Amino acid sequence: MRKFKTESKKLLDLMINSIYTNKEIFLRELISNASDAVDKLNFKSLTDNDVDIDSADLAIRVSFDKDNRTLTISDNGIGMTAEDLEKNLGTIAHSGSQEFKTENAESQGNDVDIIGQFGVGFYSAFMVASRVRVVSRAFGSDEANVWESDGLEGYTIEPAERATHGTDVILTIREDEGGEDGEGFDTYLSEWGLKNLIKQYSNYVRYPIQMMVTKHREKPKPEDAGDDYTPEWEDYQELETVNSMTPIWKKRASDVEQKDYNEFYKSTFHDFEDPARTISFHAEGTLEYDALLFIPGRAPFDLYSKDYEKGLSLYSSNVLIMEKCADLLPDYFNFVRGVVDSADVSLNISRETLQQNRQLRAIAKRVEKKISSDLEDMRDNDREAYEKFFENFGRGLKYGIYSSYGMKADELADLLLFYSAKEQKMVTLAEYAKAMPADQKAIYYAAGDSRERLSKMPVVTGVLARGYDVLLLTADVDEFTFQAMRSYHAHDLPKVYEDDAAREAAEKAVADGAEPETEDRTFELKNVATGDLDLATEDEKKDAEEATKENESLFTAMKEALGDKVEKVAVSARLTDAPACITTEGPLSLEMERVLRRDPSAEAEGMPKSQRVLELNAKHPVFKKLVSANEAGDAEKIKLYAGLLYDQALLVEGILPEDPVAFAASICELM
């Protein structure tokens, strides 16, 4: 017996037990080695006129013998001499494939796709096998040899018989340990188990991977069968190519029909609905890769659960490396499915993960731009489809802005849609800005649980009455997103001129054929129920100041009656028809407080409350009743009125009074 070169026993033990996290990877590695052997012979036939082979005959064969517990991976590739077996299999971490790639780097083209890199994949066989035999005959040689080892101390190399060139790797599969935690080695001795592994990891290896598979057929009807004959069926074996070979993402987009993309998407990602969009592209440069991405037509049921895993399938030279590579997608595009395939990425020794994150970042950046560009195209050219997409996945885009503290607003803001109270349809922020009156200085919004209720709120109708639109936000993340954004930078808006002369000159220029002038403007995002919107005219401001000064004692009495429920009571310059409304000061609005209170831990953690303000409409008949009660010194009536106005303002906001029984009693007392 020959000993392994290098510190064999320790290194081999490390190889078998530490490098690979998933035992089933062994089949991927052995098939990749077989593919490299076939590729080398194919390359030789292309560069040496004396080598005459039919490339259509090149293939990989997988077979198993359940009784003898053997699994065989055969190829009709370049094969190995005894010296090659010694060098490639007797020296751990020597890669014949990598050596071949280096020696033939300049002359390789698209006809060759060597997969191997590290020279360790072969030894993954010992994770599932108690003994491995490798029978090989080099192309052009009449002699064959067998390399054999139990993966412990060493190996033997002896003469053998093989009819033609190529290699057989014969694994004696370990006994299945059984039990819940036992090793499922019997999977590697079953037709369905092997087919599934081939399809999962090696489906796009460029050469046919063939297996004898069991099929069913009806037996011929006997000539003497009567009318009551029942058809009989039989099983038979047939050689079948298990893998697809040519991956769809390597084909030109012009050569693939959408129905083929749809079928690939549904079968690969287990969806019953066609994708909403398909994005296919090839990148060249420092990193060369192919990408095929899909935007689903519907949201998966677990999209927003903690168990949902994002990521694209990462392939290297058509071999699956990671089923879901999370680093290729930002969280806000976690719904995208697809494949990235690159022979240039630096893999770790087990070929299960990548070594260089900067390569991933470069690919991820390009992928993100492609997704954004495609979504913009859908938004501008297929609005109905985009609104359906946004209904499914818009929450994630909004959360992308919020979770990045607004840093991703430039990339995502123009993809957002919100309901316009004025237009009564979904609009983008850009569309809202372009429809603004020239004197509008902010983007106004209201947040709540339904459009119908929001559209009737006094703070909303007051802004609409002044000719300004209000965006109605009904998702729980909406207002948090706007708080993170703070402002929106709009591009290419009609230019606003400071004086009539400049405006008239511009209009004349346009009439003479010039292009209308545009400008970029930044608008603050303002909640109509918080702070001072500064929408009142000078006369309205003056009236409010006078009403405040004249009724200072009334406001003081109402504040005392309401206690710490409100920060203050003030005259409103925003109300038109309603007697009162609740607004807030500071960053926490009523809607944000309500959303935060849904968290079961909110009360225990002492969640902050919004700073509420009761605003009164000084032109409403109710205000006159309040003034009369104050002038009459009727403190009880002021207390009753203050409580009723506060509670009914809360109801308008969709918030129940703190004490509904007391509210009902107050109404009865008033009646």
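Visitor: What's the story with the sheet that holds strand β21 (residues 568–571) in this structure? I'm lost.
Guide: Hydrogen bonds between backbone atoms are what pair the strands of a sheet, whose relative direction is either parallel or antiparallel. Strand order in the open sheet made by the 3 strands is β21-β23-β22, with mixed pairing throughout. Taken across any chain shown, the strands that pair with only one partner, and hence form the sheet edges, are β21 and β22 (580–585). The sheet shows a mean angle of 35° between the axes of neighbouring strands, taken without regard to direction. Relative to strand β23 (residues 611–616), β21 runs parallel, the two sharing 4 bridges. Its bridge partner lying in β23, Val-571 is registered against Leu-616.

Visitor: Mind showing me how you'd approach the sheet that holds strand β12 (residues 312–316) here?
Guide: With mixed pairing, the 5 strands of this open sheet are ordered in space as β10-β11-β14-β12-β13. Two strands in the sheet have a free side with no partner beyond their single neighbour: β10 (277–283) and β13 (319–325). The mean angle between the axes of side-by-side strands here comes to 15°, regardless of whether they run parallel or antiparallel. Both β12 and β13 contribute to a ladder of 4 bridges, which runs antiparallel. In the sheet register, Leu-312 faces β13, and the bridge partner there is Cys-325.

Visitor: Help me understand the packing of aromatic side chains, please; the structure alone is not making it clear to me.
Guide: Aromatic ring pairs are described here by two measures, namely the spacing of the ring centres and the angle between the planes. A full pass over the atoms with the stated rule returns 27 aromatic pairs. Consider the rings of Tyr-265 and Phe-294, whose centres lie 5.1 Å apart with planes at 45°: the pair is tilted. Note that Tyr-265 is positioned in helix α6 (residues 258–269) and Phe-294 in strand β11 (residues 289–295), a separation of 29 residues in sequence. Taken individually, Tyr-265 and Phe-294 each receive the classification buried, so the pair is uniform in this respect. The interplanar angle of 80° and the centroid separation of 4.9 Å between the aromatic rings of Tyr-445 and Phe-482 together place this pair among those described as edge-to-face. Of this pair, Tyr-445 sits in strand β17 (residues 442–447) while Phe-482 is found in helix α13 (residues 478–485), placing the two residues 37 residues apart along the sequence. Across the pair, exposure class does not vary: Tyr-445 and Phe-482 are buried alike. The rings of Tyr-204, Trp-249, Phe-264, Tyr-265, Phe-269, Phe-294 and Tyr-315 are connected pair by pair, giving a single aromatic cluster. Looking at Arg-217, its charged tip hangs above the ring of Tyr-236, at a distance of 4.0 Å from the centre. Positioned above the aromatic ring of Tyr-304, the side-chain terminus of Arg-395 is 5.5 Å from the ring centre.

Visitor: Got a minute to help me understand the pairing of β17 in this structure?
Guide: For a regular strand, the rule is simple: side chains alternate between the two faces of the sheet. Counting buried residues in β17 gives 6 out of 6 residues, a clear majority hidden from the surface. On β17, burial covers both faces: Ala-442, Tyr-444 and Ala-446 on one face and Ile-443, Tyr-445 and Ala-447 on the other are all buried. One ladder, built from 4 bridges, connects β17 with strand β20 (residues 518–527); its direction is parallel. Within the sheet, the bridge partner assigned to Tyr-445 lies in β20 and is Asn-527.

Thresholds applied
- Residues numbered from 1 in each chain as written.
- Predicted model: local features only at pLDDT ≥ 70, side-chain atom pairs only at ≥ 80, totals over all residues.
- Heavy atoms only, no water.
- Pairing = 2+ DSSP bridges.
- Helix = DSSP H or I, 4+ residues; strand = E, 2+ residues; numbered from the N terminus.
- Axes fitted to C-alpha atoms, helices over the stretch in contact; angles between N-to-C directions.
- Phe/Tyr/Trp six-rings, centres within 6.5 Å; stacked < 30°, edge-to-face > 60°.
- Buried < 20%, exposed > 50% of the residue type's maximum accessible area, 1.4 Å probe, protein only.
- Lys NZ or Arg CZ within 6 Å of the ring centre and 35° of its normal.

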